Amino acid sequence: MQIHTNKDLSTLNTLQLRSQAEHFVELHSPHDLLAVLGDSQLSKVSWHILGGGSNLVLPSVVKGLVLKIANQGRELIHEDQEHWFVKAQAGEVWNEFVQWTLQQGYWGLENLSLIPGTVGAAPIQNIGAYGVEVKDTLWEVTCFDLQTGNLKTFSNKECRFSYRDSFFKQEGAGRYLVWDVTFRLPKKNTLHLEYGDIRKELDRQHTEANPRTISRAVIHIRQTKLPDPQVIGNAGSFFKNPIVSKELRDSLLLKHPDLVSFPYQETQFKLAAGWLIDRAGWKGKKLGPVGMYEKQALVLVNHGGASSDDVWKLANQVSLDVKNQFGVEIEPEPIRW
Ligand code: EPU
């Protein structure tokens, strides 16, 4: 295990922010983690856990130690008549894992194709897209408890998933390091096509719906709507879609008949933050080296050389304008170190 000092993190975060870690270690095996936990110097400094860096806003200097999760491996661990149980190590690249499941003939993750990041990061914010969330097929998560060094397994229920949220992003933040994730994938082929664009894309390609064609359609849709982080720095959706009462949504709808909203848990509504930001005039607009993406106003992009201060200045201005215009608070999705 090699400990790096003043490690450049600018290529390890998809927003491409300039950032350096005081100390940095890659964890390939439990042995590496136990060595860090047993190191009298490293165990005293603050720790940050890094996956694919696709949902992070990094400061120019990260104090303490960055643990880059790099364990690899994926396997079918069990199957019964109705399900495949597939386990992946946290350091696996999410989309490579999804594509591997499809190649093996296991279904259920196709709508989550091409989401940036790692397997270990997926449960933290309950990644979701095109009508599916990771919580729908996640069976259990094994973590290292950084306070005790012991392994602890969380069932789906114990992860306390909700829209873009989990126990690991709330009370468990900083304490549990996700080491592997097991999915329970249904053998009964249940396709999720209700998200309008998928059906449209399959029709355009003149293909029938199956898990592989859905994956291809999702990849195509994402590539046309969302900026490629290799080309232009971004962290996907920068804000969560706000959840509001029926009363607020109804009063907004009177003033803005084209407001985009979806029912959420019986009495509430989820508003499209992209629509709010777009109508607040921020789509394609820049502030210094950052801006809101021209094709999807929900995505904050780094046009080059941005710092975390630039990011927060723009994010605060966008939230303020949305609040002033619609009376709705929008909350950033990425984690701030
Ligand atoms: N819209 C606008 N202007 C915009 C952007 C969007 O009017 O600039 C409107 C669209 O017309 C659409 C609605 O807003 O009717 C919703 O937009 P979209 O379908 O693109 O989905 P979203 O709500 O913006 C969410 C996720 C995405 C996920 C897509 C597809 C959140 C915060 N974002 O976006 O996730 O890919 O649905 O399911 O929930 C991510 O988390 O990084 C991410 C990309």
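What this report covers is the structure whose coordinates are included nearby. (Residues numbered from 1 in each chain as written. Predicted model: local features only at pLDDT ≥ 70, side-chain atom pairs only at ≥ 80, totals over all residues. Heavy atoms only, no water.)

### Overview of the sheet that holds strand β18 (residues 290-292)
Point 1. Spatially, four strands are ordered β13-β19-β18-β17 in an open sheet, and the strand pairing comes out antiparallel. Each end of this open sheet is capped by a strand with a single partner; those strands are β13 (233-237) and β17 (286-287).
Point 2. Both β17 and β18 contribute to a ladder of two bridges, which runs antiparallel. Residue pairing for β18: L287 is matched across the bridge by V290.
Point 3. Of the strands in this sheet, β17, β18 and β19 (299-302) are in contact with helix α7 (residues 308-326), which crosses β18 at around 30°. (Pairing = 2+ DSSP bridges. Helix = DSSP H or I, 4+ residues; strand = E, 2+ residues; numbered from the N terminus. Contact = heavy atoms within 4.5 Å. Axes fitted to C-alpha atoms, helices over the stretch in contact; angles between N-to-C directions.)

### Considering the pairing of β19
Point 1. Residues V299 and V301 line one face of β19 and the alternating positions L300 and N302 line the opposite face, and both faces are buried.
Point 2. Sheet analysis places β13 next to β19, joined by three bridges and oriented antiparallel. Its bridge partner being in β19, N234 is matched across the sheet by V301.
Point 3. Counting the residues that bridge the hairpin from β18 to β19 gives six residues. (Buried < 20%, exposed > 50% of the residue type's maximum accessible area, 1.4 Å probe, protein only.)

### Description of the sheet that holds strand β10 (residues 138-145)
Point 1. Judged by pairing direction, the sheet is antiparallel, and its five strands sit side by side in the order β6-β7-β12-β10-β11 without closing on themselves. Either end of the sheet is taken by a strand with one partner, and the two such strands are β6 (74-79) and β11 (151-155). With direction set aside, neighbouring strand axes in the sheet form an average angle of 25°.
Point 2. For β10 and strand β12 (residues 176-186), the ladder comprises seven bridges, and the chain directions are antiparallel. Paired with T142 across the two strands is D180, which belongs to β12.

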